[in-house]
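Examining the three-dimensional arrangement
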Amino acid sequence: MHRLYTRSPIAKIMWGILSSLVGIIVLLMVLVSENPRMEAQTINWEGRSIENGAKMYADNCVICHGPDGQGILGRGPGLNSYYFFTDTGRLRDVGWVGSLEDYVLLTISAGRPSKVESQWPEVMPTWDGKFGGPMRGDQVVDLAKFVMNWEESALAQTPEEDPFQPFEDVIKPMEFQNTAHILLSEEEQAAALEEYRARNIRSPQEIWTGEACFACHNLEERQVDLYGQNGPNFADLYERAGIRVEGMTAEEYVYESIVNPTAYTVETYEQAGQMPQNFAEKLSEDEIRALVDWLLNPDREQ
Ligand code: HEC
Ligand code: HEC
């Protein structure tokens, strides 16, 4: 009977070489067919990620950065912008050495802290849950991919078409100056803001931390002197709010204290006048009402 097994060393070597060759050829064939498959898969993933990003952009970013990323005068800078995408533009001016994608990702994730007397009346909010925002990390990544997807259209703009608004802290070079951005009327801006707020109602707890009420007020009595707080303690607010001002119910009094803090100043705090005066603009009616109920509820959850 013919035997496959042979004792001849030459034949063994030949067998070895042959089987290695077959192995290599099979491997090459797999690689050749796998590459386009993987590429197609990656493009597919990227596409879905950008699509998700587009939806979230429409829901959360349009009111400040405009429907096509052109920015809105006085609300948010343009992102679909030559100056923003070009190497010698925005990144060089802010001195960022990383990639634009990382810059976008970080800005969306953490937001930008408000600057006193900033040119922007509202700050760039924080979006990633890691930094106290409302989104998951993968959603922020999708948003960044969506913004980065403007690269091609942005780089095709002439300097005159570029909608980027100059930042006051970083002077945008003359060749990029352009004031022909889209401009919403005041009513349109107010309506957009209203709509945005209606969709983003914050809980009293979120306002308490987000608007830094805690920096001046304590919710529990035992904390009274812990941080040297400079506003009244709220452990017993429900007991005294109704008797602070004659003719005002507890709800009316707390409501007014938030929207119009100077209407009545608590004794011994007269010299302070520190309570911020703009909560009526920063909080929606629904948010203020819920906040009042929460502050007056002795069993409130923190
Ligand atoms: C309430 C208005 C507002 C909303 C909503 C908003 N932004 Fe912003 N955004 C700003 C402002 C204002 C700045 C500039 C902040 C600064 O540097 O002082 C900014 C800056 C940015 C920047 C950096 C621009 C630069 O040149 O440095 C990116 C990127 C950005 N926003 C993306 C987004 C995305 C994505 C969303 C939606 C998830 C969003 N923003 C929602 C107001 C807003
Ligand atoms: C920078 C400090 C500061 C911050 C921040 C602050 N407050 Fe005040 N608040 C004060 C001071 C000081 C008073 C007392 C003087 C007065 O009546 O205006 C006060 C008074 C009040 C009163 C009336 C209390 C009483 O005993 O009669 C209420 C209610 C109130 N604040 C709610 C809030 C809420 C809600 C927030 C956050 C949305 C907030 N405050 C943020 C400083 C602050």
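Predicted model, so just to flag it, every value in this text is computed and none were measured. (Residues numbered from 1 in each chain as written. Chains lettered and ligands numbered in written order. Predicted model: local features only at pLDDT ≥ 70, side-chain atom pairs only at ≥ 80, totals over all residues.)

Observations concerning the overall build of the protein chain
Our working definition: Under the scheme used here, helices are H or I runs from DSSP no shorter than 4 residues and strands are E runs no shorter than 2 residues, and both carry numbers assigned from the N terminus. Whether a residue is buried, exposed or partly exposed follows from its count of other C-beta atoms within 10 Å of its own C-beta, namely 20 or more, 12 or fewer, or something in between, respectively; the C-beta atoms are built from the backbone. Residues are defined as contacting one another if the C-beta atoms placed from their backbone atoms lie within 7 Å.
Along the backbone of the protein chain there are 13 helices and zero strands. The order of helices and strands in the protein chain, counted from the N terminus, is α-α-α-α-α-α-α-α-α-α-α-α-α. Put simply, the protein chain has 302 residues, and 21% of those count as buried. Across the protein chain, the fraction of contacts at a sequence separation of at least 24, relative to all contacts at a separation of at least 6, is 53%.

A look at the site of ligand 1
For clarity, the threshold we go by: Proximity of a residue to a molecule or strand is defined by its backbone-placed C-beta atom lying within 6 Å of that partner. Amino acids outside the nonpolar list (Ala, Val, Leu, Ile, Met, Phe, Trp, Tyr, Cys, Pro) and the charged list (Asp, Glu, Lys, Arg) are all regarded as polar, and Gly is one of them.
In the vicinity of ligand 1, 24 residues are found, and the nearest of them are Cys61, Cys64, Gly76, Trp120 and Met124. At the level of elements, helix H1 (9–60), helix H2 (62–65), helix H5 (100–110) and helix H6 (137–148) are the ones that each hand at least two residues to the shell around ligand 1. In the shell around ligand 1, the residues fall into 15 nonpolar, five polar and four charged.

Some details on the site of ligand 2
With respect to spatial proximity, 25 residues lie near ligand 2, and among them Cys213, Cys216, Gly231, Tyr269 and Met275 are the closest. Put simply, the parts of the chain that give the shell around ligand 2 at least two residues each are helix H10 (237–244) and helix H11 (250–259). Taken together, the residues that form the shell around ligand 2 break down as 17 nonpolar, six polar and two charged.

Quick look at the packing of H5 against H6
Here is the rule: Axis definition: a line fit to C-alpha positions, over the contact stretch in the case of helices; interaxial angles, taken between N-to-C directions, run 0 to 180 degrees. Just so you know how the angles are binned, under 35 degrees is roughly parallel, over 145 roughly antiparallel, 65 to 115 roughly perpendicular, and the rest oblique. Crossing handedness follows the turn of the near helix against the far one: under a right angle anticlockwise gives a left-handed crossing, and clockwise gives a right-handed one.
One can describe the packing of H5 onto H6 by two numbers: an axis separation of 9 Å at closest approach and a directional angle of 130°. The orientation of H5 relative to H6 falls into the category oblique. Of the two possible hands of crossing, H5 and H6 adopt the one that is right-handed. Taking contact as the criterion, the partners of Glu101, Val104, Leu105, Ile108 and Ser109 in H5 are, on H6, Val140, Val141, Leu143, Ala144, Val147 and Met148.

Let's talk about H5
Quick note on the threshold: Starting at the helix axis, one direction is taken to each C-beta atom, and the arc is that of these directions.
Taken residue by residue, H5 has Leu105, Ile108 and Ser109 as its buried positions. Buried residues in H5, looked at end-on, bunch into an arc of 100°, giving them a common side. Summarising the contacts, the buried residues of H5 are in contact with H6. Just beyond H5, the residue with positive phi is Gly111, at close to 75°.

A closer look at H6
Selection criterion: What a helix should span is 1.5 Å times the count of its residues minus one.
In a regular helix each residue adds 1.5 Å, so 12 residues correspond to 16 Å; H6 covers 17 Å between its end C-alpha atoms and thus fits that length. Three or more residues of H6 are buried, namely Gln139, Val140, Asp142, Leu143, Ala144, Lys145, Phe146 and Val147. Residues of H6 that are buried sit in contact with H1 and H5.

Focus: the confidence of the model for the protein chain
Selection criterion: Think of pLDDT as the predictor's per-residue confidence, scored from 0 to 100.
The predicted model of the protein chain averages 82 in pLDDT, with 84% of residues at 70 or higher. Mean pLDDT across the elements of the protein chain ranges from a minimum in helix H8 (residues 186–199), with 70, to a maximum in H6, with 96.

What to know about the environment of Ala215
Within the secondary structure, Ala215 is located in the loop between helix H9 (204–210) and H10. Judged by the 12 C-beta atoms lying within 10 Å of it, Ala215 is exposed. The spacing of Ala215 and Gly231 is 16 residues in sequence and 8.7 Å in space, taken between C-alpha atoms.

Quick look at the packing of H1 against H6
The geometry of H1 relative to H6 is characterised by a closest axis approach of 7 Å and an angle of 95° between their N-to-C directions. By the angle between their axes, H1 is roughly perpendicular relative to H6. On the side of H1, the interface is formed by Glu46, Ser49, Ile50, Asn52, Gly53, Ala54, Met56 and Tyr57, while H6 contributes Gln139, Val141, Asp142, Leu143, Lys145 and Phe146. By residue class, the composition of the contact of H1 with H6 is seven nonpolar, four polar and three charged.

What to know about the nonpolar core
Put simply, the test is: Here, a nonpolar core means buried Ala, Val, Leu, Ile, Met, Phe, Trp, Tyr and Cys residues linked by C-beta atoms lying within 7 Å of one another.
One finds Phe84, Ile108, Val140, Leu143, Ala144 and Val147 to be the most contacted residues of the largest nonpolar core, which totals 15 residues. Those elements giving two or more residues to this core turn out to be helix H3 (82–85), H5 and H6. In terms of residue count, the dominant contributor to this core is H6 (five residues). Setting aside its immediate chain neighbours within four residues, Val140 contacts Leu105, Ile108, Ser109, Trp127, Asp128 and Met135.

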